[in-house]
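# Structural description and commentary
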Amino acid sequence: MERITFLGKTLKNPLVLASGILGNNAGILERVHNAGCGLVTLKSIGPAPRDGHNNPTVVDLGFGMINAVGLPTPGYDRMDAEWQALADRTFPLNASIYGGSVDEFIRVAQFVSEKEPDFIEVNISCPNSDHHGMLFGVDEKAAFAVTNAVKKVISVPLIAKLTPAAPDIGKIAKACEDAGADAICAINTAGPGMVINIEAKMPVLAFKKGGLSGPMIKPVAVRCVYDIYRAVSIPIIGLGGVTTGEDAVEMFMAGATLAGMGSAVRYRGIEVFDQVNRELDDWLTAHHTTREAIIGAAHDRRHLP
Ligand SMILES: Cc1cc2nc3c(=O)[nH]c(=O)nc-3n(C[C@H](O)[C@H](O)[C@H](O)COP(=O)(O)O)c2cc1C
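Throughout, residues of each chain are indexed from 1 in the direction in which the sequence is written. Per-residue local features are limited, in this predicted model, to residues with pLDDT of at least 70; the limit for side-chain atom pairs, both in listing and counting, is 80 or more; totals at the level of whole chains, interfaces and linings are taken over all residues. Side-chain descriptors were evaluated using all non-hydrogen atoms of the structure, hydrogens and water having been removed beforehand.

## Quick notes on the overall build of the protein chain
Helix numbers and strand numbers start at the N terminus; a helix is a DSSP run of H or I with at least 4 residues, a strand a run of E with at least 2. Scanning the protein chain from N- to C-terminus turns up 10 helices and 18 strands. Only the C-alpha atoms count toward the radius of gyration. The rule for a globule is 2.2 Å times the residue count to the power 0.38. Relative to its length of 305 residues, the protein chain is compact, with a C-alpha radius of gyration of 18 Å against a globular reference of 19 Å. With the C-alpha coordinates aligned to their principal axes, the bounding extent of the protein chain is approximately 55 × 50 × 45 Å. Under the scheme applied here, a residue whose accessible area is under 20% of the maximum for its type counts as buried, over 50% as exposed, and between as partly exposed, the area being computed with a 1.4 Å probe on protein chains only. Across the 305 residues of the protein chain, 53% fall into the buried class. Note on definitions: a residue-residue contact is assigned when non-hydrogen atoms from the two residues lie within 4.5 Å. Considering only contacts in the protein chain between residues 6 or more positions apart, those separated by 24 or more positions represent 70%. Carbon and sulfur atoms form 51% of the exposed surface of the protein chain, whose accessible area is close to 13300 Å². All accessible areas in this document rest on Shrake-Rupley with a 1.4 Å probe, and a residue is counted as covered only by the protein chains that are shown.

Below is the structure:
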């Protein structure tokens, strides 16, 4: 698989571990990198210790997963052991952060930037207390405000992670680009959804509602990446339901530069990275093409109305 330059850093391939799937342990993340992952993302780090929701928090539905983990975090300033281990890393690192207000985002971003990750991913897909429980990622002004504020206090490239809940995700992406984002990551989980255990007559999740991920959301993710590609000129990490090399091809054709995987790691294990790299290489070779040549290929003018 080709080496890639992404926002000035060299990645060994175009596959990314999504945030929140394997935690923040340096040893585990190194194994994921050794297993064929080009860029690993930390679980979102928040402003204060948070337990998250009660179990069950993640349920496999076969065609995807539903989760309400509830953003558990030790808090950015209580991760000394993790930061120390990550300082000696030999792999590219994307640090995901969240906050409940612009000020909280600034505080977490400033601290995390000093730990020198390769990128900071701003998770604007979580509830926004400044805007009465809305998501930063569904409001252009709020998305601009967070991105702009974080950009000013960090010294590494900024990736804005968007939610498919936005009525027009292209406009949110453009607001982030205008505010200084260097790349977009899309999408976070879809929904929220609910699944009911009809024998128990109750929702399967303790929190009742949860975010959807895995194969069932791939068409939503592909549509979002497609819309974002038309709205911005910065690179996109395409994420949501990617499980095979052909899924990655679909993301690239929609406009993604890199392809992320979350639920697929739970389905196929960390071996999924090597497998998808091979499947992707096989597809590209069989079609006498390259990843770069197919980025945005689905936007060919012939298909425009
Ligand atoms: C159990 C679980 C926990 C997650 N935690 C986070 C998180 O902390 N921060 C974040 O930005 N996204 C989080 N996500 C969303 C994923 O990073 C990803 O955007 C989403 O699952 C879609 O990709 P997938 O279909 O490949 O899983 C989580 C997803 C799952 C399933």
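Back to the text.
## Here we look at the side chain of lysine 43
Mapped onto the secondary structure, lysine 43 falls in the loop between strand E4 (39–41) and strand E5 (58–60). Only four residue types enter the tally: Lys and Arg on the positive side, Asp and Glu on the negative side; His and the chain ends are excluded. The term salt bridge refers to a pairing of a side-chain nitrogen on Lys or Arg with a carboxyl oxygen on Asp or Glu at a separation within 4 Å. At 11 Å, glutamate 121 is the nearest oppositely charged side chain to lysine 43, a buried residue that forms no salt bridge. Each residue touching lysine 43, except ones within four places of it in the same chain, is listed here: Ser19, Gly20, Gly23, Asn24, Val69, Pro72 and Ser96.

## Some words on helix H5 (residues 169–178)
Counting buried positions along H5 yields seven of 10 residues, so the element is predominantly enclosed. Within the span of H5, buried status applies to Ile169, Gly170, Ile172, Ala173, Ala175, Cys176 and Glu177. Elements that come into contact with the buried residues of H5 comprise helix H4 (140–153), strand E11 (158–162), strand E12 (183–186) and helix H6 (218–231). Immediately beyond the C-terminal end of H5, within one or two residues, lies glycine 180, with a positive phi of roughly 110°.

## Comments concerning the environment of aspartate 168
One can find aspartate 168 in the loop between E11 and H5. When the C-alpha positions of aspartate 168 and lysine 151 are compared, they lie 23 Å apart, and in sequence the two are 17 residues distant. Within the structure, the side chain of aspartate 168 is placed 3.1 Å from the backbone nitrogen of glycine 170, a separation counted as a polar contact. Polar contact is the term for a pair of N or O atoms within 3.5 Å; when the atoms are in protein, one must be able to donate a hydrogen and the other to accept it, and sequence-neighboring residues count only if both atoms are side-chain atoms.

## Some details on the pairing of strand E7 (residues 93–97)
Counting buried positions along E7 gives five out of five residues, so the element sits mostly inside the fold. By the alternation rule, side chains of E7 split into Leu93, Ala95 and Ile97 and Asn94 and Ser96, which are all buried. Across two bridges, the pairing between E4 and E7 is parallel. Paired with threonine 41 across the two strands is asparagine 94, which belongs to E7. Two strands qualify as a pair provided DSSP detects at least 2 bridges between them. Strand direction decides the pairing type here: E7 and strand E8 (residues 119–123), joined by four bridges, are parallel. Bridging across to E8, serine 96 finds its partner in glutamate 121. Consider the strands pointing away from the viewer: the crossover is right-handed when the path from the first strand over the helix to the second runs clockwise. Handedness of the β-α-β unit built from E7, helix H3 (residues 102–114) and E8 comes out right-handed.

## Looking at the site of the ligand
Nearness is defined per residue: one heavy atom within 4 Å of the molecule or strand is enough. Inspection of the region around the ligand gives 25 residues, with Ser19, Ser44, Gly214, Gly241 and Ser263 positioned closest. Between the ligand and glycine 241 there is a distance of 2.7 Å, counted from an oxygen atom to a backbone nitrogen or oxygen. Between glycine 262 and the ligand, the recorded distance is 2.9 Å, taken from a backbone N or O atom to an oxygen atom. Isolated, the ligand exposes 600 Å² of accessible area, and the fraction of that covered by the protein chains is 97%. Class assignment of the residues belonging to the shell around the ligand gives a composition of 10 nonpolar, 13 polar and two charged. In the scheme used here, Gly and all other residues not listed as nonpolar or charged are polar, with Ala, Val, Leu, Ile, Met, Phe, Trp, Tyr, Cys and Pro taken as nonpolar and Asp, Glu, Lys and Arg as charged.

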